[in-house]
Amino acid sequence: MADKVFQQMESAVTDPKNEAARKKINGVFQFNLSGPDSNWVLDLKNGKVEKGKAGKADVTLTMKESDFLNLMTGKANGQQLFMSGKIKFKGNMGMVMKLQDLTKMMN
């Protein structure tokens, strides 16, 4: 299921109308999820999304696939997920805060 969300992300980050928003975020996110589609890289510096692990990510987010889906579809608030321990991150906290900009690009 997460693979469909990452496909939507890829469409959003490669869409020319989102170029300014992508450059504003300008970071590399590593998503480590539970489930079969577990590791994904969202590279907003180069405008690509791919399965696997990033060589160097600005931030690494670890969570259950279900929490990721709820976060990206707006059913859950990122701050609440973080405060309840459902999202863990390593790296640049400022990048984590920019995830809201990413969800806006997808809608």
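Please read all numbers here as calculations on a predicted model, not as lab measurements.

**Things to note about the sheet that holds strand β5 (residues 87-91)**
Across the sheet, five strands lie side by side as β3-β2-β1-β4-β5; this open sheet has mixed pairing. Taken across any chain shown, the strands that pair with only one partner, and hence form the sheet edges, are β3 (48-51) and β5. Looking at each pair of strands side by side, their axes are set apart by 15 degrees on average, direction ignored. Both strand β1 (residues 28-33) and strand β4 (residues 59-63) contribute to a ladder of five bridges, which runs parallel. Following the sheet pairing, F31 is matched in β4 by L61. On top of the sheet, helix α1 (residues 2-14) reaches β1, β2 (39-43) and β3; it is set at about 155 degrees to β3, its chief contact.

**Describing the packing of aromatic side chains**
Scanning the entire structure with this criterion turns up six aromatic pairs. Judged by centre distance (4.4 Å) and plane angle (5 degrees), the ring pair of F6 and W40 falls under stacked. Taken together, the residues span a long stretch of sequence, with F6 in helix α1 and W40 in strand β2 at a distance of 34 residues. Each member of the pair, F6 as well as W40, carries the same accessibility label: buried. Between F31 and F68, the ring centres sit 5.4 Å apart and the planes meet at 65 degrees, which makes this aromatic pair edge-to-face. Here F31 is found in strand β1, whereas its partner F68 is found in helix α3 (residues 65-72), with 37 residues between them in sequence. By way of ring pairs, the aromatic residues F6, F29, F31, W40 and F68 are connected into one cluster.

**Digging into unusual backbone geometry**
The phi dihedral of N26 is positive, around 45 degrees, even though this residue is not glycine. Looking at where N26 falls in the secondary structure, it is placed in the loop between α2 (19-25) and β1.

Quick notes on the rules
Sequence order as written defines residue numbering, which begins from 1 separately in each chain. Totals for whole chains, interfaces and linings use every residue, but because this is a predicted model, local features are given only for residues with pLDDT of at least 70 and side-chain atom pairs only at 80 or more, for both listing and counting. Excluded from the side-chain calculation are hydrogens and water; included are all heavy atoms of the structure. When DSSP finds two or more bridges between a pair of strands, those strands are recorded as paired. A run of H or I in DSSP counts as a helix once it spans at least four residues, and a run of E counts as a strand once it spans at least two, with each numbered from the N terminus. Think of each axis as a best-fit line through the C-alpha atoms, taken over the contacting stretch in the case of a helix, with angles from 0 to 180 degrees between the N-to-C directions. Note on contacts: a residue pair is in contact if any heavy atoms of the two residues lie within 4.5 Å. Pairs were defined over the aromatic rings of Phe, Tyr and Trp, the Trp ring being its six-membered one, requiring ring centres within 6.5 Å. Orientation was assigned from the angle between planes: stacked under 30 degrees, edge-to-face over 60, tilted for the rest. Classification of residues uses two cut-offs on accessible area relative to the type maximum, computed with a 1.4 Å probe and protein chains only: under 20% is buried, over 50% is exposed, and between them is partly exposed.

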